[in-house]
Amino acid sequence: MLALLLHALALGYPATRLLAGAAWVARFPETALRLWHAGVLGFFTSLTAVLLLAAHDLWEHLVAWLFHAHEKKVHAAYAGSVPLTGIADAALLLLLAGAGTLSVTGAYRFVRARRQRAEHRLVVDALAEPVPSRVSGLRVLDHPTPAAFCVPGSGGRSRVVLTTGALRLLTPRQLAATVEHELAHLRLRHHHAILVADTVTAAVGWTGLLRDYAPQVRRLSEMAADDRAARRHGRTNLASALLDLGTVTDVVPGQRAGTLPMTGPDLAERVRRLIDRPLAGGRARVLPTIALGIGTVLLAIPAAVSLAPAVSIAGTAHAEKPHRE
């Protein structure tokens, strides 16, 4: 249990702090996002394993049933001679309370986000005109403020919105890069990742653990969408569009919480990386593989530590049959 607890704490603070401050994440934002998600999942997996092991009655019955292990050997392998009665009850209660709190918080935020997006979609559909285009759901809103944003949705209900102010301000190439940026948000399901990150940070961040998760997911999601748009329409076109739109702070109808605006967080950093650094080349094919390997290891450690004793005594229930006289 100590190893699993240390693993969870390491993922919850020092590992995430190192990842948040690493310079390479700005060059490979999609890879960094995968590592963030894997690290957070590993944190909760380890923490859940600690609580399950502490609640030894529940865990021991589960191991004995799954691995056909003798109950006494299971107890010796996991509990030994340590009295865990009070700890087990507290651990089980904490596990149920934590899972319930996270589930309720996540469900509440999910329902609220869906309601907000539905309201924004109604406003956009009422005020904005559909545009004949290869882009499904493209709308133009008659408003002097230059802006671009998307309203996520499923089943053809997503919207990409440009204002007439943006149409007058941006060149055709800048507009194409802007639309591609918003489409990248929708294709990569960044609204789901942001919702999960906000829920986790709200539930755990007050302890100091995983407090960088939500802001980093927002930051890296914008960079990942920038990269998708820049590969197709050029870094200069996207950077100049960001600069032109970034000078505007007014909010237009429909552009509220729950939408993903073109001028998201860390605008200055995003423009600098587009101008100063070329997009990731050959190394971009290697980094996702490395990230996948690291993420797999992070998730495998809790399972390996928890199940190693069970594997060593698997099948012992059959060998411990009572003798008949």
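Our structure's up above, just so we're on the same page.
What counts and how
The residue numbering used here restarts from 1 in each chain and proceeds along that chain's sequence as written. Totals for whole chains, interfaces and linings use all residues, but because this is a predicted model, local features are given only for residues with pLDDT of at least 70 and pairs of side-chain atoms are given and counted only at 80 or more. Excluding hydrogens and water, the side-chain values take into account all heavy atoms of the structure. Planes of paired rings set the category: under 30 degrees apart is stacked, over 60 is edge-to-face and the rest tilted, where pairs are Phe, Tyr or Trp rings (Trp by its six-membered ring) whose centres lie within 6.5 Å. For the purposes of this entry, the term helix denotes a DSSP run of H or I that reaches at least four residues, the term strand denotes a run of E that reaches at least two, and both are numbered from the N terminus. The cut-offs for exposure are 20% and 50% of the maximum accessible area for each residue type, with area from a 1.4 Å probe on protein chains only; residues under the lower value are buried, those over the upper are exposed, and the others partly exposed. Axes here refer to lines fitted to C-alpha atoms; in helices the fit is confined to the stretch in contact. Angles between the N-to-C directions go from 0 to 180 degrees. Handedness of a helix crossing follows the sense of rotation of the near helix relative to the far helix, less than a right angle counterclockwise being left-handed and clockwise being right-handed. Whether two residues are in contact is decided by their heavy atoms: any pair within 4.5 Å suffices. Gly is put with the polar residues, along with every residue not named as nonpolar or charged; the nonpolar set is Ala, Val, Leu, Ile, Met, Phe, Trp, Tyr, Cys and Pro, and the charged set is Asp, Glu, Lys and Arg. An expected span of 1.5 Å times one less than the residue number is assigned to each helix.

Student: Explain the packing of aromatic side chains here, please?
Tutor: Tallied over the entire structure, the rule returns two aromatic pairs. Plain terms: the ring middles of Trp 36 and Tyr 213 are 6.0 Å apart, the flat faces sit at 25° to each other, and that makes the pair stacked. Linking Trp 36 in helix 3 (residues 29-54) with Tyr 213 in helix 10 (residues 213-233), this pair joins segments that are 177 residues apart in sequence. When the centroid spacing of 5.1 Å and the interplanar angle of 80° are considered together, the rings of Phe 43 and Phe 44 count as edge-to-face. Classification of Phe 43 by relative accessible area gives buried; the value is 2%.

Student: Explain the packing of helix 10 against helix 12 (residues 267-276) to me, please; I cannot follow it from the model alone.
Tutor: The relative placement of two packed helices is expressed as an angle between their axes plus a distance between the axes. Interaxial distance between helix 10 and helix 12 falls to 11 Å at its minimum, and their mutual angle equals 35°. Here helix 10 and helix 12 pass one another in a crossing that is right-handed. Across the interface between the two elements, Arg 219, Glu 222, Met 223, Asp 226, Asp 227 and Ala 230 of helix 10 pack against Glu 269, Arg 270, Arg 273 and Leu 274 of helix 12. Classifying every residue of the contact of helix 10 with helix 12 gives three nonpolar, no polar and seven charged.

Student: Quick question: what am I supposed to make of helix 9 (residues 190-204) here?
Tutor: Think of an α-helix as turning once every 3.6 residues; residues three or four places apart then point the same way. Here helix 9 is 15 residues long and its end C-alpha atoms lie 21 Å apart, about the 21 Å a rise of 1.5 Å per residue gives. Among the residues of helix 9, His 190, His 191, Ala 193, Ile 194, Leu 195, Ala 197, Asp 198, Thr 199, Val 200, Thr 201 and Val 204 are the ones counted as buried.

Student: Looking at this structure, how should I read unusual backbone geometry?
Tutor: Note: most residues except glycine have negative phi, and most peptide bonds are trans. Even without being glycine, Arg 189 reaches a positive phi, approximately 55°. Looking at the secondary structure, you find Arg 189 in the loop between helix 8 (172-187) and helix 9. Backbone geometry at Leu 210 places phi at a positive 60°, although glycine is not the residue there. Structurally, Leu 210 can be placed in the loop between helix 9 and helix 10.

Student: Would you take a moment to explain the environment of Ala 3 for this structure?
Tutor: Tracing the backbone through its elements, the reader meets Ala 3 in helix 1 (residues 2-12). Taking the relative accessible area as the measure of exposure, Ala 3 reaches 48% and is therefore partly exposed. In sequence terms Ala 3 and Val 305 are 302 residues apart; their C-alpha atoms lie 7.9 Å from each other.

Any functional reading would require information beyond the geometric quantities listed.
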